[in-house]
Amino acid sequence: MSEAASAPVSATGLASEIRRRRTFAIISHPDAGKTTLTERILRAGGAIQLAGNVRAKGERRRTKSDWMGIERDRGISVVTSVMTFEYGGCVFNLLDTPGHEDFSEDTYRTLTAVDCAVMVIDAAKGIEDRTRKLFEICRLRDIPIVTFINKMDREAQDCFGLLDEIASTLALDTSPATWPIGRAGHFAGTYDMRTREIRGEAVDLPQSDARMVALSEELELAEAALPLFDRESFDAGHLTPVFFGSAMKEIGVTDLLDALVAYGPEPRAQPSETREVKADEEQVTALIFKIQANMDPNHRDRMAFARICSGKLTRGMRLKHVRTGKQFALHTPQFFFARDRQLAEEAFAGDVVGLPNHGTLRIGDTLSESEELRFTGVPHFAPEILRRVRLDDAMKAKKLRQALVELAEEGVVQLFRPQDGLPPIVGVVGTLQLDVLQSRLQGEYGVAIGFESTPYTIARWVTGERAKIEAFSMVNRSAMADDLDGDPVFLASSNFMMRRTVEMNADLGFHDIKQIG
Ligand code: G4P
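Colleague: What is the right way to look at the site of the ligand in this model?
Modeller: Around the ligand sit 20 residues, and of these Asp 31, Lys 34, Thr 35, Thr 36 and Asp 153 come closest. Separating an oxygen atom of the ligand from a backbone N or O atom of Asp 31 is a distance of 2.7 Å. Between Ser 246 and the ligand, the recorded distance is 3.0 Å, taken from a side-chain N or O atom to an oxygen atom. Relative to its unbound accessible surface of 710 Å², the ligand loses 75% to contact with the protein. With 3 residues, the top contributor of residues to the shell around the ligand is helix H2 (residues 34-44). In the shell around the ligand, the residues fall into 4 nonpolar, 8 polar and 8 charged.

Structure representation (C-alpha cells):
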C-alpha cells in the first residue's frame with residue numbers, strides 16, 4: 001500500500017486495487033459497544049497489538065469536560081478520524097463518527113465518505129433513538145448497512161424479536177448471516193448460515209448439548225421464516241445481513257470482517273454537479289469531507305480528510321483545487337493507523353487520506369486531476385441555535401474574525417455575518433459545539449468570548465435572481481447575514497414570520513439545507 005516508488009498501474013491493476021477497498025463507519029446508540037467493537041476490529045486487523053483501549057472511555061460516559069479535553073488533546077490522542085488497516089486481503093478504512101448527537105453534522109459529513117455502515121445494536125435494548133436517526137441518514141444516501149447485534153454474552157432479547165424489530169422499525173429486510181449458539185453466560189459461538197460452519201468455543205460442543213439442540217430448532221425456524229441474503233438488495237440499502245456476537249468476548253467479530261471482505265461494498269460512484277464519478281476512472285478526484293485541527297501539537301497545520309473518489313493518487317502529484325482554481329500539491333498525504341501515521345506514497349479510490357494544509361482546503365471541496373467537477377452531497381443544515389458572539393476585549397476583534405472563519409471552515413460552527421454590521425452570529429445544531437468553540441478560541445487563539453441570545457431561531461439560505469435578493473436584503477437588512485461563502489441567509493424569529501416571508505417573496509427560494517461544493 002505504501003511501499004517505495006509508485007509505478008503506473010494498468011487499468012486492470014487499478015480496478016483490482018480499488019475492488020479491495022472497504023470504507024465504512026460504525027453507527028450506534030451510545031453504550032451499545034461501538035468503542036469496544038472498533039478496538040476488536042482494529043486488533044483483528046493487526047492495527048493494535050495490545051489489548052489496550054482505543055479510547056479511555058466510551059461515548060456515553062464522556063462529560064462535557066471530557067469533550068473539552070478531547071478537543072485539547074487531539075494531538076496526542078489516538079482518536080483519529082480514520083483508521084486504515086488490512087484484513088483478509090482488503091484495505092479497510094474505518095471512519096470515526098462522533099457519538100454525541102450535538103456533533104451530528106460532523107457525523108453526516110463523514111457518512112458521505114463511506115460505502116457501508118456497521119450498525120451496532122445492544123442485544124438487550126434493541127433499536128434505540130440515536131441508532132434510528134443515524135440509520136435514517138444512511139438511508140438518505142442508500143448506504144448499505146451491516147448489523148451487529150452486540151452483548152450476546154448478557155441477557156438479551158429473543159433473536160427473532162430483534163430481527164423483527166429491525167425490520168419493522170427501520171423498514172429494512174433482515175437476513176441473519178450468523179446465528180448465536182447459547183445465550184448470556186452460555187454464549188459459546190456462532191453458526192454461519194451460508195457456510196454452515198461453527199465458530200468459537202461451540203466447535204467442541206457435542207450435538208447433545210442443550211445449546212446445539214436449541215440451535216438446530218432455531219435454525220429450522222430461521223431458514224423457513226427469514227429472507228436469504230441477497231447481494232443486490234444489500235447493495236441498494238434495502239436488506240441488512242445480521243451478525244450476532246459479543247465485542248467484549250471477541251465472538252462474532254471476525255464473522256463481521258470476513259463478510260465485509262466477501263461482500264462488503266466496493267467503492268461507490270460519487271455524485272457530482274455534472275455526473276456520477278465512478279471509482280475506477282483513471283483521473284484522480286477526491287472530496288474533502290472533514291477538517292481536523294491540532295492533530296500535531298507542534299504545528300498549527302490543519303488536516304483535511306479526503307476520500308479518494310476515483311483513480312490512483314500518488315504522492316507528489318498536483319491536483320486542481322476546483323473552488324479556487326489553484327493547484328494543490330500532494331506533498332505529504334498520510335494514512336492513519338490506530339496509533340500512528342505514515343506517508344501515503346499511493347492511495348486508491350475508496351481510501352481516505354489526510355492532507356496537511358494551512359487552511360486552503362474546506363469541507364466540501366473537490367480536488368481533481370483535470371476535469372472541472374464538483375462533488376455534491378456534503379450538506380450544511382440550517383442551525384436552530386443561533387447566538388451572537390460577545391467579545392470581551394475589543395482589541396481582539398480582528399483576531400476573532402480570523403479565528404471564527406478558520407473554525408467555521410473546520411465545521412466547528414456555522415458563521416453568519418450580519419449585513420447590518422453587528423457582531424457575528426454563530427449557528428449550531430447542539431450546544432456542545434458552542435462549548436467547543438469557546439474553549440478553542442481561548443486555548444488556541446487567546447480570545448475570550450461569551451454568547452448572547454438572538455431573537456432568531458430559524459436560518460434559511462436565500463436563492464433567486466441577484467437583483468431580487470438585493471432588493472429583499474435592503475428591506476430586511478437587520479435579519480440578513482452572509483455565511484462563510486458569502487451566500488445570503490435570512491434569519492427569522494418564528495415559524496410564523498418565516499412562513500409570511502416565504503409567502504410574500506414567492507420569487508425567492510428559502511432553503512434549510514445548503515449543498516457545499
Ligand atoms: P460505546 O462506544 O458505544 O458508547 O460503547 P462502549 O464500547 O464504550 O461499551 C459500553 C459498555 O458496554 C462498556 O462497559 C463495555 O465494556 C460494554 N460492552 C461492550 N461490548 C460488550 C459486550 O459484547 N458484552 C458485554 N457484556 N459488555 C460489552 P462499561 O462497564 O460501561 O465500561 P468498561 O468499564 O467495561 O469500560
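The discussion continues.
Colleague: Looking at this model, I keep getting lost on the packing of helix H4 (residues 104-111) against helix H5 (residues 129-140). Mind explaining?
Modeller: Helix-helix packing: each pair is described by the crossing angle between the helix axes and the interaxial distance. Remark: H4 packs on H5, axes separated minimally by 10 Å, with the N-to-C direction vectors making an angle of 40 degrees. On the basis of their axis angle, the class for H4 and H5 is oblique. With respect to the hand of their crossing, H4 and H5 are arranged in right-handed fashion. Residue-level inspection shows Ser 104, Thr 107, Tyr 108 and Leu 111 of H4 in contact with H5, the latter providing Arg 130, Leu 134, Ile 137, Cys 138 and Leu 140. Along the lines of polarity and charge, the residues of the contact of H4 with H5 split into 6 nonpolar, 2 polar and 1 charged.

Colleague: Just checking my understanding: could you explain the nonpolar core for this structure?
Modeller: When a protein is soluble and globular, its nonpolar side chains tend to lie buried together. Grouped together as the largest cluster of nonpolar side chains are 49 residues, with contacts concentrated most on Leu 111, Met 119, Ile 149, Ile 166, Trp 179 and Phe 244. Per-element accounting of this core gives the leading share, 6 residues, to helix H6 (residues 159-170). In this view, Ile 166 contacts Met 119, Ile 121, Ile 127, Thr 147, Ile 149, Ala 171, Leu 172, Thr 174 and Thr 240; residues no more than four positions away in its chain are not counted.

Colleague: Teacher, can you tell me more about the pattern of salt bridges here?
Modeller: Any two side chains of opposite charge can pair if their charged atoms end up close together. All told, the structure shown has 38 salt bridges when counted by the stated rule. The salt bridge partner of Asp 365 is Arg 323, with a shortest N-O separation of 2.8 Å. With Asp 365 in the loop between strand E21 (352-357) and strand E22 (366-368) and Arg 323 in the loop between strand E16 (318-321) and strand E17 (326-329), the pair connects residues that are 42 residues apart, well separated along the chain. Residue Asp 365 is classed as buried on the basis of its relative accessible area, which comes to 4%. Judged by relative accessible area, Arg 323 falls into the partly exposed class, the value being 32%. Overlapping salt bridges bring together Arg 302, Arg 362, Glu 409, Asp 483, Asp 485, Asp 487 and Lys 514 as one network.

Colleague: Looking at this structure, I do not really get the pairing of E16. What am I missing?
Modeller: Walk down a regular strand and you will see the side chains alternate between the two sheet faces. Pairing geometry for E16 and E17, over 4 bridges, is antiparallel. What sits directly across from Lys 320, in E17, is Gln 327. The turn joining E16 and E17, which pair antiparallel and follow one another in sequence, is formed by 4 residues; a positive phi near 80 degrees is taken by Gly 325. Examined bridge by bridge, E16 and E22 share 2 bridges and lie antiparallel to one another. Looking across to E22, one finds that Lys 320 is bridged to Ser 368.

Colleague: When you look at helix H10 (residues 397-409) in this model, what are you seeing that I'm missing?
Modeller: An α-helix turns once per 3.6 residues; consequently, residues spaced three or four apart project the same way. With 13 residues, H10 extends 18 Å from end C-alpha to end C-alpha; this agrees with the ideal 18 Å at 1.5 Å per step. Along H10, the residues classified as buried are Leu 400, Ala 403, Leu 404, Leu 407, Ala 408 and Glu 409. Downstream of H10 by a residue or two, Gly 411 has a phi angle that is positive, lying close to 90 degrees.

Colleague: Looking at this model, I keep getting lost on the environment of Lys 133. Mind explaining?
Modeller: With respect to the helices, strands and loops of the structure, Lys 133 is situated in helix H5. With 105 residues separating them along the chain, Lys 133 and Ser 28 place their C-alpha atoms 9.5 Å apart.

Colleague: How do you make sense of the sheet that holds strand E30 (residues 488-492) when you look at a structure like this?
Modeller: Within a sheet, neighbouring strands are paired by backbone hydrogen bonds and run either parallel or antiparallel to one another. Strand order in the open sheet made by the 8 strands is E27-E24-E26-E25-E29-E30-E28-E31, with antiparallel pairing throughout. The sheet is open, and its two borders are formed by strand E27 (449-453) and strand E31 (509-511), each paired with just one other strand. Adjacent strand axes in the sheet meet at a mean angle of 40 degrees, parallel and antiparallel pairs treated alike. Pairing analysis gives 4 bridges linking strand E28 (residues 458-463) to E30, with the strands arranged antiparallel.

The rules behind these values
- Residues numbered from 1 in each chain as written.
- Predicted model: local features only at pLDDT ≥ 70, side-chain atom pairs only at ≥ 80, totals over all residues.
- Heavy atoms only, no water.
- Near = heavy atom within 4 Å.
- Polar contact = N/O pair within 3.5 Å; in protein donor to acceptor, adjacent residues only side chain to side chain.
- Areas by Shrake-Rupley, 256 points an atom, 1.4 Å probe, with all protein chains shown as cover.
- Helix = DSSP H or I, 4+ residues; strand = E, 2+ residues; numbered from the N terminus.
- Nonpolar A, V, L, I, M, F, W, Y, C, P; charged D, E, K, R; others polar.
- Axes fitted to C-alpha atoms, helices over the stretch in contact; angles between N-to-C directions.
- Parallel < 35°, antiparallel > 145°, perpendicular 65-115°, else oblique.
- Left-handed = near helix turned anticlockwise from the far one by under 90°.
- Contact = heavy atoms within 4.5 Å.
- Core = buried A, V, L, I, M, F, W, Y, C linked by side-chain atoms within 4.5 Å.
- Buried < 20%, exposed > 50% of the residue type's maximum accessible area, 1.4 Å probe, protein only.
- Salt bridge = Lys/Arg side-chain N within 4 Å of Asp/Glu carboxyl O.
- Pairing = 2+ DSSP bridges.
- Expected span 1.5 Å × (residues − 1).

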